[in-house]
Amino acid sequence: MKLKQSIASVTALLTALILLAPMAQAAKLKSQNLTQLINTSESIISGQVEKVTDGLTDKGIPYTEVSIKIGSAAKGQHAKNSTYTFRQFGLLKPRVMPDGRQMLAMAPEGFPRWIEGESVVAFMHKSAKQTGLRTTAGMAHGKFNLVNGNVLNEFNNYGIFKDVEFAAGLLTHEEQNMMTNPKAISATFFMSVVGRAVSQQWIDNGKMK
């Protein structure tokens, strides 16, 4: 009996830790510059959000499931017009459970919000080993909306080029100008810089810091 109680206590503790870890991460959210976003991304994609749903895993962990129709990919092997689907921690809205209780485990502050039909650039972090859940690198810093030909994250691109350095001759004149006005970053120039940084390994060979 005591053994069963101990196992139940440990299981409850592990579940709580899994649920609370993303919240603690959100509380410590710091701005991420472009070098950090590229470095910590497993995939970098642009496309349109096709579907957003939520639910519970078989272990009772709340998630939001997002499907993005890919227009292009700067990092990772993703075919154009294919669908990239992932699950992020937290529900879209509170949920009434079968026993009548209400689950309030919505995505914590700092997590990106997703809306069907929106066009995005997403720097996707690798999935968590225990849960399979994932979100964007830098959390909300790593999700950009495409608006009037520009990219803009939840923080108005704050800090995106802070302390970022490029070797001489890497950027065009237009791309250099882009860095002087982070609130109006051309999607074309942005994706061109990100794509070349990845394909030509600028960070690994020290041309981008």
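Residues numbered from 1 in each chain as written. Predicted model: local features only at pLDDT ≥ 70, side-chain atom pairs only at ≥ 80, totals over all residues. Heavy atoms only, no water.

(A) Region of the structure containing the overall build of the protein. Assigned secondary structure in the protein consists of four helices and nine strands. Along the chain direction, N to C, the helices and strands of the protein fall in the order α-α-β-β-β-β-β-β-β-β-α-β-α. A burial count over the protein gives 39% of its 209 residues as buried. A sequence separation of at least 24 residues applies to 62% of the contacts in the protein between residues at least 6 apart. (Helix = DSSP H or I, 4+ residues; strand = E, 2+ residues; numbered from the N terminus. Buried < 20%, exposed > 50% of the residue type's maximum accessible area, 1.4 Å probe, protein only. Contact = heavy atoms within 4.5 Å.)

(B) Representation of the packing of aromatic side chains in the model. Under the counting rule described, the total for this entry stands at seven aromatic pairs. Pairwise contacts between aromatic rings join Tyr 84, Phe 86 and Trp 114 into one cluster. Above the face of the Tyr 63 ring, Arg 87 is positioned so that its terminal group lies 3.9 Å from the ring centre. For the cation-ring pair, Lys 143 lies above Trp 114, with the distance from its terminal atom to the ring centre recorded as 4.9 Å. (Phe/Tyr/Trp six-rings, centres within 6.5 Å; stacked < 30°, edge-to-face > 60°. Lys NZ or Arg CZ within 6 Å of the ring centre and 35° of its normal.)

(C) Here's a closer look at helix α4 (residues 187–199). Helix length check: α4, at 13 residues, gives a terminal C-alpha distance of 18 Å against a target of 18 Å (1.5 Å per residue), a fit within 8%. Of the residues making up α4, those classed as buried are Ala 187, Phe 190, Met 191, Val 193, Val 194, Gly 195, Arg 196 and Ala 197. In this structure Ser 186 caps α4, since a side-chain oxygen of it lies 3.3 Å from the backbone nitrogen of Thr 188. (Expected span 1.5 Å × (residues − 1). Polar contact = N/O pair within 3.5 Å; in protein donor to acceptor, adjacent residues only side chain to side chain.)

(D) Structural detail: the environment of Met 103. Mapping Met 103 onto the fold places it in strand β5 (residues 102–103). Residues Met 103 and Pro 62, 41 residues apart in the sequence, show an inter-C-alpha distance of 8.9 Å. When near neighbours in sequence (up to four residues on either side) are disregarded, Met 103 contacts Leu 56, Gly 60, Pro 62, Leu 91, Pro 94, Arg 95 and Met 97.

(E) Representation of the nonpolar core within the structure. Formed by 27 residues in total, the largest nonpolar core has its most connected members in Leu 34, Ile 38, Phe 123, Phe 190 and Met 208. Looking at this core, the elements that each hand over two or more residues are α2 (34–39), β6 (119–124) and α4. Examining the composition of this core, we find that six residues originate from one element, α4, more than from any other. Aside from chain neighbours lying at most four places away, what touches Leu 34 is Phe 123, Ile 160, Phe 161, Val 164, Phe 190, Val 193, Val 194 and Met 208. Ile 45, Val 52, Ile 70 and Phe 86 belong to the second-largest nonpolar core, a separate cluster that totals twelve residues. (Core = buried A, V, L, I, M, F, W, Y, C linked by side-chain atoms within 4.5 Å.)

(F) Examining the sheet that holds strand β2 (residues 62–75) more closely. Taken in spatial order, the seven strands of this open sheet run β3-β2-β1-β6-β7-β8-β9, and their pairing is antiparallel. Either end of the sheet is taken by a strand with one partner, and the two such strands are β3 (83–89) and β9 (185–186). Relative to β9, strand β8 (residues 150–153) runs antiparallel, the two sharing two bridges. If you follow Val 151 over to β9, its bridge partner there is Ile 185. (Pairing = 2+ DSSP bridges.)

So, to be careful, I would describe these as geometric facts and stop short of saying anything about function.
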